[in-house]
2 protein chains.
Amino acid sequence: MNMSEPLLQLLLANTNSYISGEEISRQLQISRTAVWKQINKLRNQGYEFDAIPRVGYRLKQKPDRLNTLMLLSQLKSSVMGQQIKLLESTPSTQIIAQQMAEQGAPEGTLVIAEEQTSGRGRMGRAFHSPSGKGIWMSLILKPQTSLQFTPQLTLLIAVALCRALQRLVPISIGIKWPNDLLVGTKKISGILLESSAEDERVRYCIAGIGISVNMDPEDYPEPLREVATSLKIESGSKVDRTAIITEFLAEFETLYALYNEQGFAPIRTLWEALSISLHRPITINTLQGKVIGIAEQLDELGALWITESATGERRKIFSGDVEFHR
Amino acid sequence: MNMSEPLLQLLLANTNSYISGEEISRQLQISRTAVWKQINKLRNQGYEFDAIPRVGYRLKQKPDRLNTLMLLSQLKSSVMGQQIKLLESTPSTQIIAQQMAEQGAPEGTLVIAEEQTSGRGRMGRAFHSPSGKGIWMSLILKPQTSLQFTPQLTLLIAVALCRALQRLVPISIGIKWPNDLLVGTKKISGILLESSAEDERVRYCIAGIGISVNMDPEDYPEPLREVATSLKIESGSKVDRTAIITEFLAEFETLYALYNEQGFAPIRTLWEALSISLHRPITINTLQGKVIGIAEQLDELGALWITESATGERRKIFSGDVEFHR
């Protein structure tokens with residue numbers, strides 16, 4: 001039985017006072033554990049509560065919803081985001097965007113979902129995407145460069161997102177190679193660029209972008225709290241998701257044009273300036289094994305140059321996961 | 001109305017003598033034009049005729065069909081082709097192989113079709129794939145290298161196919177950059193490598209390979225006759241398709257192992273030795289325009305180094321179509 005609806009009615013009738021878990025349990029005829037589960041379910045849908053131990057719950061905020069007309073009216077880009085598909089809930093925006101790209105959707109088409117039920121992360125990992133509190137979106141790109149260069153695009157997207165966020169939120173955000181955005185040691189955004197190519201020609205890329213915007217600590221399952229954070233947790237206040245999306249699209253459009261005109265060099269400079277993977281001891285887990293050393297720079301294709309600690313040998317790493325040393 | 005069946009019965013009853021178009025027309029109560037159309041339809045299905053003007057037709061050969069058990073029993077490779085899906089007719093083996101890869105089919109899985117009704121060529125071009133006379137197949141690969149290197153795989157496949165064919169058929173075959181196989185100036189095989197990647201990691205590649213084996217000149221639509229040929233036309237005799245498939249799989253498996261062990265350098269040497277794109281004036285049509293000059297070698301990623309005729313400038317071309325000068 002779906003208890004969210006009666007619980008919500010009860011809470012909406014008591015927004016000026018706290019209502020105890022015991023009272024809710026009595027009125028709805030469900031156990032205390034069930035009350036706690038339902039509250040968490042509502043939290044995942046974007047509802048916010050004040051909760052005081054031994055006093056009770058008070059509904060503080062209904063979820064804020066994205067709105068296509070609002071997004072389009074605030075758009076500062078001319079290609080990116082000109083077509084927006086906004087979904088309430090979907091397994092993964094990547095899958096929808098891929099289908100749309102196969103059917104000929106133009107470059108800049110954006111798919112956004114309030115909630116992803118099986119969001120895709122790097123290397124087939126699940127990506128935690130609760131409703132209404134983050135930005136889960138996929139942008140269709142049709143780069144005119146050849147396949148060898150798509151890893152540069154991954155780096156470009158990280159740079160654009162980092163710069164857009166820095167402009168809106170007064171916290172320090174860095175890029176972990178190749179494209180994770182971190183505040184301190186905690187992840188605040190993940191990017192996944194899926195490419196489809198014929199020989200050396202790129203048919204399309206789908207840039208999947210997940211941003212933790214307005215999550216509270218309790219929105220994260222226990223094991224994620226250590227490694228993930230949100231813009232709200234770090235800055236102390238809610239951030240407007242519409243502003244983030246439109247700011248990112250504008251910044252990306254500018255850098256993408258720069259890239260198409262001048263190549264990777266200026267993007268590399270920007271990436272290196274925002275990187276937190278350089279000039280410190282790191283371990284990179286690659287398919288061929290661990291590489292331990294200090295990375296100095298990107299090469300011209302976007303690979304990472306690292307000097308191995310043990311041998312002093314300089315190596316180029318094309319693919320891997322970076323771990324920082326404590 | 002499908003006239004193939006009664007026509008076939010008539011021809012099968014007269015394999016020792018010629019039967020005139022007029023006689024066929026009379027017996028089947030169809031026009032002479034319809035007779036000619038039906039004969040061509042059967043040709044497309046792999047039937048072969050002796051045709052003497054003003055005398056008539058004689059059925060010479062029923063189509064030879066590929067057979068999974070026969071293929072598996074002749075297999076010389078241990079991974080490539082261990083799983084074979086053989087189809088009578090399909091829009092494109094690439095689509096089937098892609099679906100199988102998405103569902104987790106292992107590396108080396110091979111999809112073959114007697115006929116493709118909308119075979120895919122480079123740059124979305126149609127690929128002429130009549131029934132029973134060629135090899136239309138797609139091989140699933142899961143390379144452990146990162147995305148930047150997949151164009152090398154395209155070149156590797158061309159080398160393996162060229163070497164396998166040379167071993168079976170006494171004609172001279174060359175590779176046009178990046179991966180067309182030509183006899184003289186006519187195309188005998190086309191290769192298309194479709195890649196799916198997440199960031200710099202390759203999820204899978206589908207190598208689509210089309211080989212014109214036993215076509216006669218009349219199997220080609222008029223505009224293709226100038227630019228396409230078959231192993232049978234060039235060598236003067238039919239070639240066993242099963243032998244080609246198993247020979248290619250064995251050669252590819254050997255070179256793929258070499259590549260995984262020693263990198264691209266030995267493949268590059270083999271490619272350069274078989275290439276007909278080097279050391280002669282060519283035009284390359286790229287997305288950025290025409291480049292005219294003489295190509296000297298491949299770079300370490302598989303791009304083509306060309307010295308432009310007009311400027312003497314050395315340039316690296318990552319993607320394009322080569323045209324030879326007359």
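Keep in mind that this is a model prediction, so the values were computed, not measured. (Residues numbered from 1 in each chain as written. Chains lettered and ligands numbered in written order. Predicted model: local features only at pLDDT ≥ 70, side-chain atom pairs only at ≥ 80, totals over all residues.)

Novice: How should helix 10 (residues 265–274) of chain B be read in this particular structure?
Specialist: Three- or four-residue spacings in an α-helix give side chains the same orientation, since the helix completes a turn every 3.6 residues. Residues and elements named next belong to chain B. Those residues of helix 10 not exposed but buried are Ile 267, Arg 268 and Trp 271. Buried residues along helix 10 cover an arc of 100° about the axis, so they all sit on one side. In helix 10, the exposed positions angled more than 90 degrees off the buried face are occupied by Ala 265, Thr 269 and Ala 273. Contacts made by the buried residues of helix 10 are with helix 6 (150–168), strand 8 (174–176), helix 9 (241–262) and strand 13 (289–298). (Buried ≥ 20, exposed ≤ 12 C-beta atoms within 10 Å, placed from the backbone. Helix = DSSP H or I, 4+ residues; strand = E, 2+ residues; numbered from the N terminus. Arc of directions from axis to C-beta. Contact = placed C-beta atoms within 7 Å.)

Novice: Honestly, the relation of the copies chain A and chain B in this entry has me stumped. Any pointers?
Specialist: Think of it as a corkscrew move, a rotation about one axis and a shift along it, taking one chain copy to the other. When chain A is fitted onto chain B, the two copies agree to an RMSD of 0.1 Å after a turn of 180° and an axial shift of 0.0 Å. Such a combination of turn and shift is consistent with a two-fold rotation axis. With an isologous cut-off of 70% or more, the 96% of interface residues of chain A that recur at the interface of chain B puts this contact in the isologous class. (Least-squares fit on C-alpha atoms with pLDDT ≥ 70 in both.)

Novice: In this structure, what is going on with the sheet that holds strand 12 (residues 281–286) of chain A? I would like to understand it.
Specialist: Hydrogen bonds along the backbone pair up the strands of a sheet, which may run parallel or antiparallel. Residue and element names in this part refer to chain A. Read across the open sheet, the five strands follow the order 15-14-13-12-16; overall the sheet is antiparallel. The two strands at the open ends of the sheet, each matched to only one other strand, are strand 15 (314–317) and strand 16 (321–324). In this sheet, adjacent strand axes meet at a mean angle of 45° when their direction is disregarded. With four bridges joining them, strand 14 (residues 304–308) and strand 15 adopt antiparallel strand pairing. Across the sheet, residue Leu 304 finds its bridge partner in strand 15, namely Ile 317. (Pairing = 2+ DSSP bridges. Axes fitted to C-alpha atoms, helices over the stretch in contact; angles between N-to-C directions.)

Novice: Can you walk me through the interface of chain A and chain B in this structure?
Specialist: On the side of chain B, 23 residues touch chain A, which itself brings 24 residues to the contact. Contributing elements (two or more residues each) for the side of chain A that touches chain B: helix 6 (150–168) and strand 10 (186–198) of chain A. The greatest single-element share of the side of chain A that touches chain B, amounting to seven residues, is contributed by strand 10 of chain A. Residue classes in the side of chain A that touches chain B are distributed as nine nonpolar, nine polar and six charged. (Nonpolar A, V, L, I, M, F, W, Y, C, P; charged D, E, K, R; others polar.)

Novice: I'm lost on the domain arrangement of chain A in this one. Help?
Specialist: Accessible area lost during the coming together of the parts is what is often quoted as the interface size. Residues and elements named next belong to chain A. What the domain assignment lists for chain A is domain 1 (4–61), domain 2 (68–273) and domain 3 (277–324). Just the C-alpha atoms count here: the centres of domain 1 and domain 2 sit 34 Å apart. In the side of domain 1 that touches domain 2, the residues fall into no nonpolar, three polar and one charged. (Domains from an automatic or database assignment.)

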